[in-house]
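# Analysis of the macromolecular model
In case you want the letters, here they are:
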Amino acid sequence: MAERTLVEAVNDALQTEMERDGDVLVMGEDVGRAGGVFRATAGLRDRFGADRCVDTPLAEAGILGTAVGLCMAGWRPVCEMQYESFSYPCLDQLICHVGRYRWRTHGAMEFPLTVRMPTGGGVRAPELHEDSPEAYYVHTPGIKVAIPATPGDAKGLLAAAIRDPDPVVVLEPKLLYRSPRGDVPEGEHLVPLGRARIAREGDDVSLIAYGSMVHTALAAADELEASAEVVDVRTLKPLDEETILASVGKTGRAVIVHEAPRVAGFGAEIAAVIAEKAILDLRSPVLRVTGYDVPFPYWTVEHEYLPSPGRVAAAARTLLEY
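Read on for an overview of the structure. Each chain has its residues counted from 1, following the order in which its sequence is written. pLDDT decides what is reported in this predicted model: residues at 70 or higher carry local features, side-chain atom pairs at 80 or more are listed and counted, and totals for whole chains, interfaces and linings draw on all residues regardless. Think of the side-chain values as coming from all heavy atoms in the structure, minus any hydrogens and water.

## Overview of helix 12 (residues 309-320)
Our working definition: By definition, any uninterrupted DSSP run of H or I lasting at least four residues is a helix, any uninterrupted run of E lasting at least two residues is a strand, and each is numbered from the N terminus. Working rule for helices: expected span equals 1.5 Å times residues minus one. Classification of residues uses two cut-offs on accessible area relative to the type maximum, computed with a 1.4 Å probe and protein chains only: under 20% is buried, over 50% is exposed, and between them is partly exposed. What the arc covers is the set of directions going from the helix axis to the C-beta atoms. In this description, contact between two residues means that some pair of their heavy atoms is separated by no more than 4.5 Å.
Counted at 1.5 Å a residue, the expected span for helix 12 with its 12 residues is 16 Å, and the 16 Å between its end C-alpha atoms agrees. Residues Val 312, Ala 313, Ala 315, Ala 316 and Leu 319 constitute the buried set of helix 12. Viewed along the axis of helix 12, the buried residues span an arc of 160°, placing them on a single side of the element. Those residues of helix 12 that are buried are in contact with strand 10 (205-209), helix 8 (213-223), strand 13 (254-261) and strand 14 (287-291).

What follows is the structure, given as structure tokens:
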């Protein structure tokens, strides 16, 4: 076990999986010589060569379109989108092609394509560098979506995505890239897709979050006088409904936290699952603490946009007093 940052864990996963399987390659803007904007691919070109760590033109639709052909030729490409908002030109490829190939071939063709991208705010970046676009990908049939909150999960979820026969979008919270550090298993390490984790046990209210908001939820739990359970969703699709419903069944109260805009955000899906399958367990309404329905604001006011521990704790107190 080694102590690493989240971005170091991503690099570790890529090195381990490229060593294990010669069909795995990494491609994206500046991933080779520069090692990526966040240095997630540092050292890969030197170790595996320019044919397996490929610097591409600044053309995201071209990156993903090329990866489609590579998948069909038997490769397992891992595409890096330099920032989450830069992936929007790829939506045509994802929606029209990547998510549909297994369906088109009646299950005959696997499509082991992984798309990695930094996500979320809190790093004082300019416009189009701090979005939370997870709902676009979750809504696309045929695409799996994972988002880690710890370095160990960053390595394990990415490795599971690379080995998966279906396309997976892995969203990496850039706020967590270099803090906090955490234990990461050496060698091969898998965290199965579709399994949430209980980040903190509690009895009175469930705080359900993913990515960097898991840490916001944990901080909110520290502010509460009551016992809060924190659920780290980890994989948005497939969603681990069983763990979420078990937590809500125990506490009878749920606060869902995400930094994406509120309307049609993924929290609405979680709330619907709770309403459909745990309505008789609830002692109060389900509340959401989210970003606002505006473009992600400039860095000078981004702290007003992002859910804070205080906002989450206030929502939890509302339920506890209901």
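## A short note on the packing of helix 1 (residues 6-20) against helix 7 (residues 151-163)
Test applied: Helix axes use the C-alpha atoms of the stretch in contact, all axes being lines fitted to C-alpha atoms, and the angles between their N-to-C directions lie in the range 0 to 180 degrees. Note on convention: near helix rotated counterclockwise from far helix by under a right angle means a left-handed crossing. Clockwise means right-handed.
The geometry of helix 1 relative to helix 7 is characterised by a closest axis approach of 8 Å and an angle of 30° between their N-to-C directions. You can see that helix 1 and helix 7 cross each other, and the crossing is right-handed. On the side of helix 1, the interface is formed by Leu 6, Ala 9, Val 10, Asp 12, Ala 13, Leu 14, Thr 16, Glu 17 and Arg 20, while helix 7 contributes Pro 151, Ala 154, Lys 155, Leu 158, Ala 159, Ile 162 and Arg 163.

## Quick look at the nonpolar core
Taken as a class, soluble globular proteins show a tendency for nonpolar side chains to be buried jointly. What counts, and what does not: Nine residue types can take part in a nonpolar core, namely buried Ala, Val, Leu, Ile, Met, Phe, Trp, Tyr and Cys, and a core is a set of them joined through side-chain atoms within 4.5 Å.
With 45 residues, the main nonpolar core has Leu 64, Leu 113, Ile 208, Ile 244 and Ile 274 as its most contacted residues. No other element matches helix 3 (residues 60-72), which puts six residues into this core. In this view, Leu 64 contacts Cys 79, Cys 90, Gln 93, Leu 94, Val 98, Leu 113 and Val 115; residues no more than four positions away in its chain are not counted. Listed in part, the 31 residues of the second largest apolar core include Val 10, Val 24, Tyr 83 and Ala 160.

## A closer look at the packing of aromatic side chains
Note the cut-off: Only rings of Phe, Tyr and Trp enter the pairing, Trp through its six-membered ring, and a pair is recorded when the two centres are within 6.5 Å. The plane angle decides the type: under 30 degrees is stacked, over 60 is edge-to-face, the rest tilted. Two limits define a charge over a ring: the Lys NZ or Arg CZ must be within 6 Å of the ring centre, and within 35 degrees of the ring normal.
Within the structure shown, the criterion is met by eight aromatic pairs. Ring geometry for Tyr 210 and Phe 266: centres 6.1 Å apart, planes at 75°, overall edge-to-face. You can see Tyr 210 sitting in the loop between strand 10 and helix 8 and its partner Phe 266 sitting in helix 10 (residues 266-277), a full 56 residues away along the chain. In this structure, Tyr 210 and Phe 266 share a single accessibility class: buried. An aromatic cluster of three or more residues is present, and its members are Phe 38, Tyr 83, Phe 86 and Tyr 177. Sitting over the face of the ring of Tyr 101, Arg 104 holds its NZ or CZ atom 5.1 Å from the ring centroid.

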